[in-house]
2 protein chains.
Amino acid sequence: MSDPLGAEALDQIFREARTVNEWQDREVSDAQIHEIWELAKMGPTSANQLPARLVWCKSQESRERLAAHAAEGNRHKILTAPVCVIVAMDEDFHEQLPWLFPHTDAKSWFEGDEEGRKVSAFRNGTLQGAYLILAARALGLDCGPMSGFDNAAVDKDFFADEPKWKSNFICSIGYGDRTGLFPRSPRPDFDVFNRLL
Amino acid sequence: MSDPLGAEALDQIFREARTVNEWQDREVSDAQIHEIWELAKMGPTSANQLPARLVWCKSQESRERLAAHAAEGNRHKILTAPVCVIVAMDEDFHEQLPWLFPHTDAKSWFEGDEEGRKVSAFRNGTLQGAYLILAARALGLDCGPMSGFDNAAVDKDFFADEPKWKSNFICSIGYGDRTGLFPRSPRPDFDVFNRLL
């Protein structure tokens, strides 16, 4: 590394990308969903924990199931999107560390520390959720992330077989229709939320 | 949007980027630090909460302060990096919502709900931390994120004037020296941690 990406790439991922709520009638293929994972999985997590578990609701039936647990204002954004992914996390991610982080016994760091695992799964699973958003944008797609839904109901409905999987947020993905999009909310200058020591 | 970025851009942000622990003797300018923020701040957060608070430890003195609170194995990675940023979050982020999300009274959603604010600050502040990592990479820099440090001690030392700021993780940033880097840890195929419904 050393050269910055060109302006168009930075625009696509950060500066011109927008959260969209309305979707063009254009499919997201299974191959594209795989491509998003192939990029997002490369992002760093602590000790390669990779605690995110992703459930891609693409069929109409699965999006209806998900929408039933969402805040009323979010249902349309799920039902009309080509795909809506549940970004969940495995609070027993440490069981996978012997093969994900094979050069040391990282599993033992988390055994018996359920609270530590919850914090680490939330932190690292959320990092992976952000990698997913930016990976989708890098592939030319738009995202509509949401946290307004009943997490416990989603977990019960979708993860009955995996009681340690917990939903974090959800994200509709597709080709956005920007008609009627509101202006972007303010983004503060450096000095507002940063300190340079 | 609609076209994927080229292979070189995807390599730089995701596929070829690595967490580095050793650094070239090459400065990261204040202008570059501002550029990282200018990109990272554009990423989406729920109701434009932008709860991340960033403290950039660039001076030798500030990195020594930070390193003193880090796990022994992380001290060298802080002391030798051009800059190490504390990614913190403001658990009273809702106080800023009247100007960050001006078209509705989002502040009222969080008043009196301290636990809900903690969850939302952690989720959205971590998303911003991931945007920061990928923004730095997009600008040609390398990152070394770490969570092995004493959060309470960092908070006490750096945020004495802001008791609702809580450290999340830290990240060294610079031009990496890849000599001696270990091979990348495994990244699982789609079917391992994904379900497509």
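Procedures and definitions
- Residues numbered from 1 in each chain as written.
- Chains lettered and ligands numbered in written order.
- Predicted model: local features only at pLDDT ≥ 70, side-chain atom pairs only at ≥ 80, totals over all residues.
- Heavy atoms only, no water.
- UniProt positions renumbered as here; feature names shortened; annotations may be inferred.
- Contact = heavy atoms within 4.5 Å.
- Buried area = accessible area lost by both parts, 1.4 Å probe.
- Salt bridge = Lys/Arg side-chain N within 4 Å of Asp/Glu carboxyl O.
- Polar contact = N/O pair within 3.5 Å; in protein donor to acceptor, adjacent residues only side chain to side chain.
- Least-squares fit on C-alpha atoms with pLDDT ≥ 70 in both.
- Core = buried A, V, L, I, M, F, W, Y, C linked by side-chain atoms within 4.5 Å.
- Buried < 20%, exposed > 50% of the residue type's maximum accessible area, 1.4 Å probe, protein only.

- The name given to chain A in an unreviewed UniProt entry is Putative NADH dehydrogenase/NAD(P)H nitroreductase WYH_01215, and the organism recorded there is Croceibacterium atlanticum.
- The heading Cofactor (unreviewed entry) in the UniProt record of chain A holds the text "FMN".
- Chain A has a UniProt comment under Sequence similarities (unreviewed entry) that states "Belongs to the nitroreductase family. HadB/RutE subfamily."

1. Some thoughts on the interface of chain B and chain A
- Facing 84 residues of chain B, the contacting portion of chain A comprises 84 residues.
- For the pair chain B and chain A, the two sides together bury roughly 7400 Å², of which 66% comes from carbon and sulfur.
- Our enumeration of links across chain B and chain A arrives at two salt bridges.
- Ionic pairing is found between D161 of chain A and R195 of chain B, a salt bridge with its closest N-O pair at 2.8 Å.
- The interface formed by chain B and chain A contains 36 residue pairs in polar contact (both at pLDDT 80 or more).

2. What to know about the relation of the copies chain B and chain A
- Expressed as a screw operation, the relation of chain B to chain A combines 0.0 Å of axial shift with a rotation of 180°, fitting to an RMSD of 0.0 Å. Overall, the copies show the geometry of a two-fold rotation axis.

3. A look at the nonpolar core
- The biggest cluster of nonpolar side chains holds 94 residues, and the ones touching the most others in it are F14, W56 and I173 of chain A together with W56 and I173 of chain B.
- Those residues in contact with W56 of chain A, other than ones at most four positions away along the chain, are I33, I36, V83, C84, V85, L132 and I173 of chain A together with F190, N194, R195, L196 and L197 of chain B.

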